Amino acid sequence: MLVVALVGCGEQAIEGIEYGAENTANNDFANNSPDPFGVNNTDNVDPPNNLGTPNNDDDSNNDDGLLECQSDEDCATSDGVCVEGFCQPPSEPGPCHEVDACREGNPATEYDWGVPASVVTSVVIETDPNLGADINGDGEPNNALGNLLTDLAALLGNMDLNAELADAISSGRLTLGAAWPSFAQQGLTESEQAWLHFLALEPDAQTPGTYSALPESFIPQTVTPRMRFEGAVRGQVFESRPSNFDLELPLDGVTLRLELAPAYLIGDLSTDEDGGISMSDGSMVGAVGLVSIFESFNAYLTSDSCACLGLEEPMIDVSRGFGPEACVMAPETAACGPEAEICTALVAGCAVAVPLVAAQADVDLDSDGRPDAISAMLRLEMAPALLSGLGRP
Ligand SMILES: [Ca+2]
Ligand SMILES: [Ca+2]
């Protein structure tokens, strides 16, 4: 596996941790993100549906209690619009609704693909629980995910997420890029207002070092990427304000999501002769919601990797609680061979695993007095890259 990022334990990274310690006392951490569970997250915006469109089958609309109309004026009392003779509810808000600094448009033609860019060359989950940001303000670093992975490895056996991450990156299954629009004019400069756009990339077959971005990087029908970090560049260090980081890790037959919300990024930037940007000693610190961790378990158990279980419904339902009662299915494991060791272990160990995971929660995102998220630290490295435009749909 790649261990490049482990080099990143130098002084700069430590400064980054202290930055977290000074600025992210527990309540601030939660409060800085007005929407910790992602209801309004830029990375989670569904395209608007067309609830406002009429059904055109016949004139049975009267049965739905819709007012007949000649024009929109006839529908003023209900704020509706006149569609084919009946008042319909007002149309759904556009894709930029409730997303800050969002701009509608076609990214293929309207996004600035010439801005300085990077490609992520390494993502490593920091497993040392003594390294991380102090996000609950007690003066000690928080990295409960590191503890959790150690515990889970003991329970489940052969599981190495960092090896999976390294393999996904080296094989090209996970190609994450960054565009730096605020460096478009003058290159890498100090600024109190810098932007980083994370983009899902695929390499151009003809031109090494050049990538196109996948359309799902953007909020639909906008030139606004789903994952954006705003921050400051001081010296050559980028420090973000809270945002959301949503990493999709494609494994065999399943995509695991590692979603840090809120997330803070800090890293050392440098520039190459082509203006591309690299980041070293990058660390992304934040919290992973318990619910999203159990969603990943369920996704894995119902994926092809665990096909031997024949499981089609979620095995874990934490709406029942974070104890053994959350294990609502007990699938047969007799058909599972050694290659499905983790599937078997998760089924056999469910009643232990659920409370084990929940016990690691150390961040209270919704400020109800009960921890509901697990602090985490990812180490990131980026190399300079060029963007060629929007790739395959
Ligand atoms: Ca702490
Ligand atoms: Ca809580």
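Residues numbered from 1 in each chain as written. Chains lettered and ligands numbered in written order. Predicted model: local features only at pLDDT ≥ 70, side-chain atom pairs only at ≥ 80, totals over all residues.

Draft legend 1. Structural view of the overall build of the protein. When its secondary structure is counted, the protein shows eight helices and twelve strands. Relative to its full complement of 393 residues, the protein shows a buried share of 39%. Taking all contacts inside the protein whose residues are at least 6 apart in sequence as the whole, residues at least 24 apart take part in 67%. (Helix = DSSP H or I, 4+ residues; strand = E, 2+ residues; numbered from the N terminus. Buried ≥ 20, exposed ≤ 12 C-beta atoms within 10 Å, placed from the backbone. Contact = placed C-beta atoms within 7 Å.)

Draft legend 2. Quick look at the environment of G85. Within the secondary structure layout, G85 lies in the loop between β1 (81-83) and β2 (86-88). Looking at G85, the number of C-beta atoms within 10 Å reads 14, which means it is partly exposed. Each C-alpha atom of the pair G85 and D72 lies 9.8 Å from the other, and the pair is 13 residues apart in sequence. Contact partners of G85, with chain neighbours within four places excluded, come to E68 and C69.

Draft legend 3. Spatial organisation of the environment of Q360. Looking at the element boundaries, Q360 is found in the loop between α8 (350-359) and β12 (373-390). Here the alpha-carbon distance between Q360 and L145, two residues 215 residues apart in the chain, equals 7.6 Å. What Q360 contacts, discounting residues up to four positions off in sequence, is A144, N147, L148 and I374.

Draft legend 4. Geometry of α8. Buried within α8 are the following residues: A353, V354 and V357. Angularly, the buried residues of α8 cover 100 degrees about the axis, an arc narrow enough to put them on a single face. (Arc of directions from axis to C-beta.)

Draft legend 5. Broad picture of the pairing of strand β9 (residues 243-251). Direction of pairing for β9 relative to strand β10 (residues 254-271): antiparallel, over a ladder of eight bridges. The residue bridging L247 from the neighbouring strand is L258, located in β10. (Pairing = 2+ DSSP bridges.)

Draft legend 6. Here's a closer look at the environment of V291. Topologically, V291 is positioned in helix α6 (residues 290-301). By the C-beta count within 10 Å, which is 14 here, V291 ends up partly exposed.

Draft legend 7. Geometry of helix α4 (residues 144-156). The terminal C-alpha atoms of α4 lie 18 Å apart, and with 13 residues this matches the ideal 18 Å at 1.5 Å per residue to within 8%. Along α4, the residues that are buried comprise A144, L145, G146, L148, L149 and L152. (Expected span 1.5 Å × (residues − 1).)

Draft legend 8. The nonpolar core, seen in detail. Of all hydrophobic cores here, the largest spans 84 residues; its most connected members are A287, V288 and I374. For I374, the contacting residues outside a window of four places in its chain are A144, L145, L148, A287, V288, L290, I293, Q360, A361 and D362. (Core = buried A, V, L, I, M, F, W, Y, C linked by C-beta atoms within 7 Å.)

Draft legend 9. Here's a closer look at the pairing of strand β4 (residues 176-179). Because side chains alternate across β4, one face comprises the buried residues L176 and A178, and the other comprises G177 and A179, equally buried. Bridge analysis of strand β3 (residues 117-125) against β4 gives three bridges, and the strand direction is antiparallel. If you follow A117 over to β4, its bridge partner there is A179. Across four bridges, the pairing between β4 and strand β5 (residues 191-203) is antiparallel. Its bridge partner lying in β5, L176 is registered against A200.

Draft legend 10. Quick look at unusual backbone geometry. The omega torsion across A261 and P262 is 0 degrees, close enough to zero to call that bond cis. Within the element layout of this structure, P262 appears in strand β10. A positive phi angle, near 50 degrees, is found at E84, a position not held by glycine. When you line up the elements, E84 lands in the loop between β1 and β2. Positive phi values are uncommon outside glycine, yet D281 reaches one of about 50 degrees. Considering the arrangement of structural elements, one finds D281 in strand β11 (residues 277-289).

Draft legend 11. Fine view of the packing of α4 against α8. Interaxial distance between α4 and α8 falls to 10 Å at its minimum, and their mutual angle equals 170 degrees. Between α4 and α8, the angle falls in the class roughly antiparallel. Where α4 abuts α8, its residues L148, D151 and L155 lie against V352, A353, L356 and V357. The residue makeup of the contact of α4 with α8, split by class, is six nonpolar, no polar and one charged. (Axes fitted to C-alpha atoms, helices over the stretch in contact; angles between N-to-C directions. Parallel < 35°, antiparallel > 145°, perpendicular 65-115°, else oblique. Nonpolar A, V, L, I, M, F, W, Y, C, P; charged D, E, K, R; others polar.)

Draft legend 12. Fine view of the confidence of the model for the protein. For the protein, per-residue confidence averages 82 on the pLDDT scale, and 83% of positions sit at 70 or higher. Averaged over each element, pLDDT in the protein is lowest for helix α1 (residues 11-23) (33) and highest for strand β8 (residues 237-240) (98). Taken as a whole, residues 1-62 scores under 50 in pLDDT and shows 105 contacts with residues more than four places along the chain or in a different chain. (pLDDT = per-residue confidence, 0-100.)

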